[in-house]
Structure formats: structure tokens, C-alpha cells
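Spelled out from the first residue to the last, the chains are:
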Amino acid sequence: TTLFASDRDMFIFLANEQNRIVVPNRRDGQPGTLARGFFVYNSEVGDKKFGVKSFLFDYVCQNRIVWGTEQICSVEIRHTARAPERFLEEVQPALLAYSNASAANIETAIKNAQAARLEDKLDTFLRDRFGKRMVQPLKDLHVREENRPIETRWDVATAVTSWARRIPHADDRVAMESQAGEILRIAAWTS
């Protein structure tokens, strides 16, 4: 529910915090909720591509820092002569589908991720996605915050978003949270 515009660029942030998605075992075995939101951004001077980024999130503070994002999906369009047509063909239908979508597919993806056990593959799974030096810190953080070790892909996504909350720069934080969203998408496809 924010509009920012300068003489060079702009962004719009819209969120639906009234119709939150209930997530069993969200944090430390307790249920929690996620809201849906999206950013639309553009640059008048060609500094950025036109883009739409949709996601689920825990909460947003007054200065529009979004915390605990998951399932980040992005569409970006370069400033070219065909950009308006691409918006009508790709972005507009995606936004309409997102706004009208049932929460059932999101709830299914979360359930699948919670059921996708990693067991003896955990270290390899973490190393392949986040590098060797991140394996132990992610495992330790999950134990500290959830009072138990990582067992599922959902737990990995929880650890990664927890780690991302500690990253001071928004673009680096969103990149890390996007990796957590990809883990949930993989779980949705493979479970």
C-alpha cells in the first residue's frame, strides 16, 4: 500500500494482509501465517528494467522493508519497443492470476516442503545451494530459532529466510530469500 515516485524511478507495493494463509508448523512447531504482496517498479531513465515481484511474507515495517519473504516470483522487461506488448502478454495476466488465485496451491507447496525429508542428504543439499561455508551456520541458526535440527526442505527455507533477516542490504536479502522460495517450488514439484 505504498507508492514512491521520484524524477527517475518508481515503485508500488501492494499487500493483502487481511486474508493471510495459515501455515502449520511455521516457527518452532507453532502455526503461523503469511500474507501475499507484490512490488511493481520501473525507471524513467532506463536505470532499471520494468519489473513485478510477487511473494509471500511475514510482515512489513513502516518503511516498507518486507520480512520473511518466500516464494518470490519475478518478471522483468527491458525497456525496448516491444515492452508494452510484453506487459500486456506476460505481466497483466500474471497479476490477475495472482490476485484471483486460491491459497490451495500455496498450502500444498508448504505441506509438500514440510513432508520432503532430507535426512542424510542435508549437508549436500545445503552445500550445493549455498556453498560449503554456509552449511553449518544455517544448521546452527535453525537449531537456535526452532529448537531442533533441520529435517525437511521447509526447515531449510525457514533457516534461509532467518539468515536473510540478518542481511543489511535489501537486494542481497531478497536474493537469499529468492533461494528459499526456489526450495519450496522444488519441493512442490517433487513431493
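To be clear, the structure that these remarks concern was listed above.
In what follows, the accompanying structure is described. On a predicted model such as this, the values are computed, not experimentally measured, just so you know.

1. Brief notes about the packing of aromatic side chains
Reasoning step 1: Here the structure, examined in full by the defined rule, presents seven aromatic pairs.
Reasoning step 2: Ring centres of Phe55 and Phe57 lie 5.9 Å apart, and the angle between their planes is 65 degrees; on these two criteria the pair is classed as edge-to-face. For the residue pair Phe55 and Phe57, the accessibility class agrees, reading buried in each case.
Reasoning step 3: Here the aromatic cluster, defined as three or more aromatic residues joined through ring pairs, consists of Phe11, Phe13, Phe39, Phe55 and Phe57.
Reasoning step 4: The cationic tip of Arg129 hangs over the ring face of Phe125; the distance from NZ or CZ to the ring centre is 3.8 Å.

2. With respect to the environment of Arg26
Reasoning step 1: For Arg26, the location among the structural elements is in strand E2 (residues 9–27).
Reasoning step 2: Each C-alpha atom, one on Arg26 and one on Ile110, is 9.6 Å from the other, the two residues being 84 residues apart in sequence.
Reasoning step 3: Beyond its immediate sequence surroundings of up to four residues, Arg26 is in contact with Pro31, Gly32, Thr33, Leu34, Asp58, Gly68, Glu70, Glu146, Trp154 and Thr158.

3. Concerning the pattern of salt bridges
Reasoning step 1: Evaluated as defined, the whole model comprises 10 salt bridges.
Reasoning step 2: Across the pair Glu89 and Arg82 runs a salt bridge whose closest N-O atoms are separated by 2.8 Å.
Reasoning step 3: Accessibility expressed as a relative area gives 47% for Glu89, which makes it partly exposed.
Reasoning step 4: A salt bridge links Glu90 to Arg86, with the shortest nitrogen-to-oxygen separation between them at 2.8 Å. Taken together, the positions of Glu90 and Arg86, both in helix H1 (residues 83–100) and four residues apart, correspond to about one turn of that helix.
Reasoning step 5: We classify Arg86 as partly exposed; its relative accessible area is 26%.

4. Let's talk about the packing of helix H4 (residues 132–146) against helix H5 (residues 153–164)
Reasoning step 1: With their axes 9 Å apart at the nearest point, H4 and H5 run at an angle of 95 degrees to one another. Comparing the axis directions of H4 and H5 gives the class roughly perpendicular. Taken together, the residues of H5 that come into contact with H4 (itself represented by Met134, Pro137, Leu138, Leu141, His142, Glu145 and Glu146) are Asp155, Thr158, Ala159, Val160, Ser162 and Trp163.

How each quantity is defined
Residue numbers here run from 1 along each chain, matching the order of that chain's written sequence. The predicted origin of the model limits local features to residues at a pLDDT of at least 70 and limits the giving and counting of side-chain atom pairs to 80 or more, whereas totals for whole chains, interfaces and linings rest on all residues. The side-chain values count all of the structure's non-hydrogen atoms but skip hydrogen atoms and water molecules. Between rings of Phe, Tyr and Trp, where Trp is taken as its six-membered ring, a pair exists when centres lie within 6.5 Å; planes separated by under 30 degrees are stacked, by over 60 edge-to-face, and by other angles tilted. A simple rule labels every residue: compare its accessible area, found with a 1.4 Å probe on the protein chains alone, to the largest value its type can have, and call it buried under 20%, exposed over 50%, or partly exposed in between. Our definition puts a charge over a ring when NZ of Lys or CZ of Arg is within 6 Å of the ring centre and also within 35 degrees of the ring normal. Note on conventions: DSSP H or I runs of at least 4 residues are helices, E runs of at least 2 residues are strands, and numbering of each starts at the N terminus. Two residues qualify as a contact provided that any one of their heavy atoms is within 4.5 Å of a heavy atom in the partner residue. Just to be clear on terms, a salt bridge is a Lys or Arg side-chain nitrogen sitting within 4 Å of an Asp or Glu carboxyl oxygen. Note on method: axes are straight lines fitted to C-alpha atoms, helices fitted across the in-contact stretch only, with angles between N-to-C directions ranging 0 to 180 degrees. Should an angle fall under 35 degrees it is taken as roughly parallel, and over 145 as roughly antiparallel, whereas 65 to 115 is taken as roughly perpendicular and any remaining angle as oblique.

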